[in-house]
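Residues per chain, in single letters:
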Amino acid sequence: MPSDTELSIQAWEALFRSQVALMRRFTADDIWDPIGMREYDVLFTLSTIPNRRLRLHELNDEILLSQPSLSRMCDRLAALGYVAREPDPSDKRGTVICLTDTGADVQTTIGRKHAARIRRYVGDALNADELKTLRSLCTKLRLAQTDIREHT
């Protein structure tokens, strides 16, 4: 019988490898035009915020994909008219990134295609009860990270 450590490692490896396999499929999908998946993540994240605006550092905390050059990406998205950069009214040194109506339209168009692929790749692999369990377990695991102290 595997130890708790071995079970933890096996569970992590299964989760990680399934995530990698799915991300490879999503990356290979021909649905991202006129932007890439990383840029879509920025537009999607802003679309989920009620006022469609976040400070740059808050946006960096929310995006799914690591992006050390987020500021440059936002400059490119602004040049395309998908986001606007504004000074933060509460901190003149800060920048607020705002989703434009054009950016929201692009996000919606790509988002519909992406949702269909998610349904195909995830929904066709798991039944409704398994999807609910996966959602619950992943949420529990994510939320637990703030409560688990680091061991050195």
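Computed from a predicted structure; not experimentally measured.

### A word on the sheet that holds strand β3 (residues 91-99)
Within a sheet, adjacent strands bond to each other through the backbone by hydrogen bonds, running parallel or antiparallel.
Right, on to step 1. Read from one edge to the other, the open sheet built from three strands follows the order β1-β3-β2, with strand pairing classed as antiparallel. One side of each edge strand has no neighbouring strand; the edge strands of this open sheet are β1 (53-55) and β2 (83-88). Between one strand axis and the next, the sheet turns through 30° on average, direction left out of account.
Right, on to step 2. Together, β1, β2 and β3 form the strand contacts of helix α2 (residues 37-47), whose direction differs from that of β3 by roughly 95°.

### Focus: the packing of aromatic side chains
Right, on to step 1. Enumeration according to the criterion identifies four aromatic pairs in this entry.
Right, on to step 2. Between Phe26 and Tyr121, the aromatic rings sit 5.5 Å apart at their centres with planes inclined by 40°, giving tilted as the arrangement. Remark: Tyr121 occurs in helix α5 (residues 101-123) and Phe26 occurs in helix α1 (residues 4-28); sequence separation between them is 95 residues. Here Phe26 matches Tyr121 in class, with each residue buried.
Right, on to step 3. When the ring of Tyr40 is compared with that of Phe44, the centres are 6.1 Å apart and the planes differ by 25°; the resulting orientation is stacked. Here the residue Tyr40 and the residue Phe44 both occupy positions in helix α2, the gap between them amounting to four residues, near one helical turn.

What counts as what
- Residues numbered from 1 in each chain as written.
- Predicted model: local features only at pLDDT ≥ 70, side-chain atom pairs only at ≥ 80, totals over all residues.
- Heavy atoms only, no water.
- Pairing = 2+ DSSP bridges.
- Helix = DSSP H or I, 4+ residues; strand = E, 2+ residues; numbered from the N terminus.
- Axes fitted to C-alpha atoms, helices over the stretch in contact; angles between N-to-C directions.
- Contact = heavy atoms within 4.5 Å.
- Phe/Tyr/Trp six-rings, centres within 6.5 Å; stacked < 30°, edge-to-face > 60°.
- Buried < 20%, exposed > 50% of the residue type's maximum accessible area, 1.4 Å probe, protein only.

By themselves, these figures tell us nothing about what the structure is for.
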